[in-house]
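Remarks on the overall topology
Below are the chains, spelled out letter by letter.
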Amino acid sequence: MAQQTPTLLLFSLQLTIFLTIIHTGESSAKVPAVIVFGDSTVDAGNNNGISTMLKSNFMPYGRDFEGGKPTGRFSNGRVPGDFISEAFGCKPAVPAYLDASFTIKDFATGVVFASAGTGYDNATSDVLSVIPLWKELDYFKDYQTKLRAYLGPQKADETLTEALYLVSVGTNDFLENYFLNPRSSSRFGTIAQYEDHLVGLADKFVSELHGLGARKISLGGIPPMGCLPLERNRNGLRGGACVEEYNNVAKEFNGKLAGLVVRLNNRLPGIKVVFSNPYDELLNIIQNPSQFGFENVAVSCCASGMFEMGYMCNRFNPFTCTDANKYVFWDSFHPTERTNALLSEYVVKDCLAQFL
Ligand SMILES: *[C@@H]1O[C@H](CO)[C@@H](O)[C@H](O)[C@H]1NC(C)=O
């Protein structure tokens, strides 16, 4: 007992130091800001004020978010951009650029330009009238002007250079566009040709971001999209099997994105792009849910769990589950906050650690 006391003391001292570091906030931050582009995997509410059907700023979305607030995030709580920001010592929830309750003071340490439903392809954002990726970049330029006015040009440029940029997009190009829209498939030919087209657009996007000053960039892979409840349940079988064809497309596309990341790092001076691929980890969770404490994987928490998202996942539906932590998916297309936390932890440890 007496021997253990020094250890215990040392441990509690370490804990105190650790907690102090957490509480001092800004001084422990590993990057000055986290800047997020992409789709509903990382949107924090940019769709709230635009005229699209694809929204989530109502209950039960956000019921496990701080204050039980439906912010427009497509989950019961936080999304990966929030967890990654927190892991980098920045704020625990990164605000949406179009949310009028925040100002440049808030955005100076992190901002989200993502829009649910968007894709690399302009035709994808057209499907549900959401913000196209090129327009997310326009908003970013607008942000830069405001940041320079707020911080002064020198500090602003330092922030823009040192910030961590997250890009998470691509699933909708397949699920919302290519597989559903005969015009896209006839225009772009085979799925392999469409993947190549998207990789070209990803190249253009990251190059433009680099041209605007970004240096530390995380390019996200796409998930095993054939296992999203919407796809599993599409043929009306509750809890059907994953659509292997879609998973194979995601794997193939991710392989091409990984190749792009190598080329970008070789081509663009001063850039450090990291490929953040959640595919394997999410598939691992989906195939071994109980190892992670999940009880439901083929159907989601919200409503019947088979096909609802957005307006169909609303507070009047009596079937919504009570404990989202038991589910891998929150609605038919989006992970629960717990899954988002697990995936973010994995991505930070396995992919983004070099930026820490
Ligand atoms: C997407 O639309 C924008 C705005 O109209 C345009 O500048 C851009 O070239 C388009 N991208 C492609 C690949 O057509």
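If you're wondering where the values come from, they're calculated on a predicted model, not measured in any experiment.

What follows is about helix H11 (residues 244-267). Between its first and last C-alpha, H11 extends 35 Å over 24 residues, near the 34 Å set by a 1.5 Å rise per residue. Every buried residue of H11 is accounted for by Tyr-246, Asn-247, Val-249, Ala-250, Phe-253, Asn-254, Leu-257, Leu-260, Val-261 and Leu-264. If you follow the buried residues of H11, they end up packed against helix H7 (171-178), helix H9 (191-211), strand S4 (216-220), helix H10 (229-232), strand S5 (272-276) and helix H12 (279-287).

A few words now on the site of the ligand. In the vicinity of the ligand, the contacting residues are Asn-122, Trp-134 and Leu-201. Between Asn-122 and the ligand, the recorded distance is 2.3 Å, taken from a side-chain N or O atom to an oxygen atom. Measuring from an oxygen atom of the ligand, one finds a side-chain N or O atom of Trp-134 at 3.4 Å. Starting from 360 Å² of accessible surface for the ligand in isolation, the protein chains cover 40%.

What follows is about the pattern of salt bridges. What the rule picks out here adds up to 13 salt bridges. With its nearest N and O atoms 2.8 Å apart, the salt bridge here joins Arg-73 to Asp-82. Classification of Arg-73 by relative accessible area gives buried; the value is 4%. We classify Asp-82 as buried; its relative accessible area is 1%. Between Lys-204 and Glu-208 there is a salt bridge, with its nearest N and O atoms 3.7 Å apart. With Lys-204 and Glu-208 both in helix H9 and four residues apart, this pair spans about one turn of that helix. One network of salt bridges, with partners in common, ties together Glu-195, Asp-196 and Lys-256.

To continue, consider the sheet that holds strand S3 (residues 164-168). Across the sheet, five strands lie side by side as S2-S1-S3-S4-S5; this open sheet has parallel pairing. Pairing within the sheet leaves two strands with one partner each, and these edge strands are strand S2 (110-112) and S5. Each strand of the sheet is rotated relative to its neighbour by a mean of 15°, with strand direction disregarded.

Ile-35, Phe-140, Tyr-143, Tyr-165 and Leu-209 are the most contacted members of the largest nonpolar core, which totals 65 residues. If you look at the next biggest cluster of nonpolar residues, it comprises 21 residues, including Val-42, Ala-44, Val-94 and Val-274.

Per-residue confidence for the protein chain gives a mean pLDDT of 93; residues scoring 70 or more make up 92%. Contacts from residues 1-13, a stretch scored under 50 in pLDDT, to residues over four places away or in other chains number zero contacts. Scored below 50 in pLDDT, residues 15-26 shows two contacts in the model against residues more than four places distant or in partner chains.

Turning our eyes to something else, we now look at the state of the cysteines. Following the criterion strictly, the structure yields three disulfides and no others. One disulfide in the model links Cys-227 with Cys-242; its S-S distance is 2.2 Å. Because the torsion about its S-S bond is 115°, the bridge between Cys-227 and Cys-242 counts as right-handed. Residue Cys-227 is found in the loop between S4 and H10, and its partner Cys-242 is found in the loop between H10 and H11; the two are separated by 15 residues along the sequence. Like Cys-242, Cys-227 is buried. Each disulfide pairs two cysteine sulfurs, and for Cys-302 the partner residue is Cys-313, the sulfurs being separated by 2.1 Å. Across the S-S bond linking Cys-302 and Cys-313, the dihedral sits near 100°, which makes this disulfide right-handed. In this pair, Cys-302 is assigned in the loop between H12 and helix H13 (337-352) and Cys-313 in the loop between H12 and H13, connecting sequence segments eleven residues apart.

Calculation rules
Residues numbered from 1 in each chain as written. Predicted model: local features only at pLDDT ≥ 70, side-chain atom pairs only at ≥ 80, totals over all residues. Heavy atoms only, no water. Helix = DSSP H or I, 4+ residues; strand = E, 2+ residues; numbered from the N terminus. Expected span 1.5 Å × (residues − 1). Buried < 20%, exposed > 50% of the residue type's maximum accessible area, 1.4 Å probe, protein only. Contact = heavy atoms within 4.5 Å. Near = heavy atom within 4 Å. Polar contact = N/O pair within 3.5 Å; in protein donor to acceptor, adjacent residues only side chain to side chain. Areas by Shrake-Rupley, 256 points an atom, 1.4 Å probe, with all protein chains shown as cover. Salt bridge = Lys/Arg side-chain N within 4 Å of Asp/Glu carboxyl O. Pairing = 2+ DSSP bridges. Axes fitted to C-alpha atoms, helices over the stretch in contact; angles between N-to-C directions. Core = buried A, V, L, I, M, F, W, Y, C linked by side-chain atoms within 4.5 Å. pLDDT = per-residue confidence, 0-100. Disulfide = S-S within 2.5 Å.

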